Structure formats: structure tokens, C-alpha cells
Amino acid sequence: MERVGLQAQVRDGVGKTAARRVRRRGWVPGVLYGRGVEATPVAVEARALRDALHGHGMNVLIDLALRRNGSEETRVVVVKDLQRDTFTHAIIHVDFQAISLEETLEAHVPLVLVGTPRGVVEGGVLEQHLREVLVEALPTAVPEQLTVDVSELAVGQVLHAGDLTMPEGVTLRTPADEVVATVLPPRVEEAPPAAAPAEAPAAPAAPGPAREEGQGS
């Protein structure tokens with residue numbers, strides 16, 4: 001995990017009204033809890049939080065400098081949860097969990113597939129089922145992402161989570177039998193049904209005998 005610094009302050013008041021007041025100032029309301037910390041309502045500058053997460057997502061170690069009653073204390077934290085606005089996607093709430101650098105934790109790590117599978121060269125279609133895996137490691141050993149080479153994947157082959165190579169010190173917690181990716185056989189285009197032969201137009205009826213003028217029926 002990358003490591004960044006972030007300033008925070010204890011916020012007064014809880015509830016929706018207090019949270020809206022914090023957001024109007026350009027800050028994000030949140031809560032700090034975890035190892036050796038009593039649950040504390042906090043606030044961080046929205047821009048500073050975005051900068052801290054940029055390029056790292058939630059897999060980043062944060063030295064959170066918390067101002068309280070004129071003093072400042074720093075805790076190593078991770079972002080445990082983010083809430084975003086449905087329409088603007090702006091962060092509207094954040095949960096910070098205080099951790100120990102000497103104890104393992106679980107984290108979701110994105111998977112990045114690289115290479116062109118042999119099966120795709122043969123006309124198959126690569127399908128990725130799993131976008132991230134759950135791992136356990138010391139905070140400083142959690143990777144930002146796992147790069148997976150799928151170039152040897154043939155048509156019909158399946159790559160499972162258990163096939164992934166974990167970095168040293170990292171343990172996979174996702175079930176080993178979960179499918180990461182597979183190459184599907186080429187799609188076969190169904191031929192359109194043959195059109196029914198057009199019916200030949202009916203032959204005109206032969207003219208009947210001419211009726212003589214004045215002839216009765």
C-alpha cells in the first residue's frame with residue numbers, strides 16, 4: 001500500500017443537519033474507529049481526501065493527523081467505507097479504521113488482465129468474471145493491484161483464483177475455485193432461414209363461349 005498524510009478534525013454534532021453543515025464548508029463528514037480508538041466523528045477536506053485516494057482507491061495507508069482540543073495526534077488508518085452521492089458521485093461520508101502496522105488485515109485488490117489469450121487469437125472471446133480478490137497481509141505488503149498474464153489461456157480454459165500467484169507475505173482469501181476469467185468458443189452465426197419459394201401466379205381462366213346477343217339463359 002502507498003502511504004499518504006491527511007489532516008482531520010473532530011466535528012461537533014452528529015446527524016443529517018450537522019453533516020450537511022460540514023459539506024457546505026467543502027468538508028466530508030466521517031467517523032474514526034478501530035484499534036485503540038473510541039468511535040469519533042471527524043471531518044476532512046473534500047479536496048484533500050480526493051487527492052489522497054487518487055490513483056490508489058481505498059488501498060492506501062493514511063497518516064491521519066487529528067486535531068482535538070488544541071492538540072494533534074496521528075493515527076495510521078485505512079478507508080473502510082466510502083459513501084457517494086447518487087447523481088454527482090461526490091464523496092459524502094467516509095469511515096476511517098485505525099490499524100496496527102504489525103497486524104495483518106484483509107483488503108480487496110483489483111485484478112488487471114494483461115496479454116492477448118491464445119484462444120482469442122483463434123477467434124474466442126475473453127470473459128472476465130472476477131474484478132478483484134480478497135487478500136490478507138500486513139498493511140505495508142498489500143499490493144495496489146495484481147497483474148495477471150492471460151496470454152496462454154486457450155479456448156475453453158478457465159483461470160481460477162487459486163491459479164493466481166500471490167506476492168510474498170500475501171495470502172489469498174477469495175475461494176480458490178472462483179472463476180477469474182475464461183475464453184469462450186467463437187460465436188457461430190446462425191444462417192438465416194431459407195426463404196420459401198414464391199408461388200407462381202395463377203393462370204388466367206380460359207374465356208367461355210361468347211354469348212350471342214338476344215340469347216336467353
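Model, not experiment: these values are computed from the prediction. (Residues numbered from 1 in each chain as written. Predicted model: local features only at pLDDT ≥ 70, side-chain atom pairs only at ≥ 80, totals over all residues. Heavy atoms only, no water.)

Draft legend 1. Highlighting the nonpolar core. Among the nonpolar cores identified, the biggest contains 27 residues, and Leu111, Val133, Leu164 and Val180 are the most heavily contacted of them. It is strand β7 (residues 105–114) that contributes the most residues to this core, 4 residues altogether. Counting 23 residues, the second largest nonpolar core, distinct from the first, contains Leu6, Val28, Val44 and Val94. (Core = buried A, V, L, I, M, F, W, Y, C linked by side-chain atoms within 4.5 Å. Buried < 20%, exposed > 50% of the residue type's maximum accessible area, 1.4 Å probe, protein only. Helix = DSSP H or I, 4+ residues; strand = E, 2+ residues; numbered from the N terminus.)

Draft legend 2. Spatial organisation of the sheet that holds strand β8 (residues 125–128). Strand order in this open sheet of 3 strands is β8-β13-β11, and the pairing throughout is antiparallel. Two strands bound the open sheet, and with one partner strand each, they are β8 and β11 (158–160). Here the average twist between neighbouring strands, direction ignored, is 10 degrees. In terms of strand pairing, β8 meets strand β13 (residues 179–184) through 4 bridges, oriented antiparallel. Looking at the pairing, Val125 lines up with Leu184 of β13. (Pairing = 2+ DSSP bridges. Axes fitted to C-alpha atoms, helices over the stretch in contact; angles between N-to-C directions.)

Draft legend 3. A positive patch on the surface, seen in detail. Side chains of Lys16, Arg20, Arg21, Arg23 and Arg24 sit close together on the surface and give a patch of like positive charge. With respect to the helices and strands, Arg20 occurs in helix α1 (residues 16–24). A residue is classified by how much of its surface remains accessible, and Arg20, at 44% relative accessible area, is partly exposed. (Patch = residues over 30% accessible without salt bridge, like charges linked within 9 Å, V, L, I, M, F, W, Y side chains within 5 Å. Areas by Shrake-Rupley, 256 points an atom, 1.4 Å probe, with all protein chains shown as cover. Salt bridge = Lys/Arg side-chain N within 4 Å of Asp/Glu carboxyl O. Lys, Arg positive; Asp, Glu negative; His and termini not counted. Charge placed at Lys NZ, Arg CZ, Asp CG, Glu CD.)

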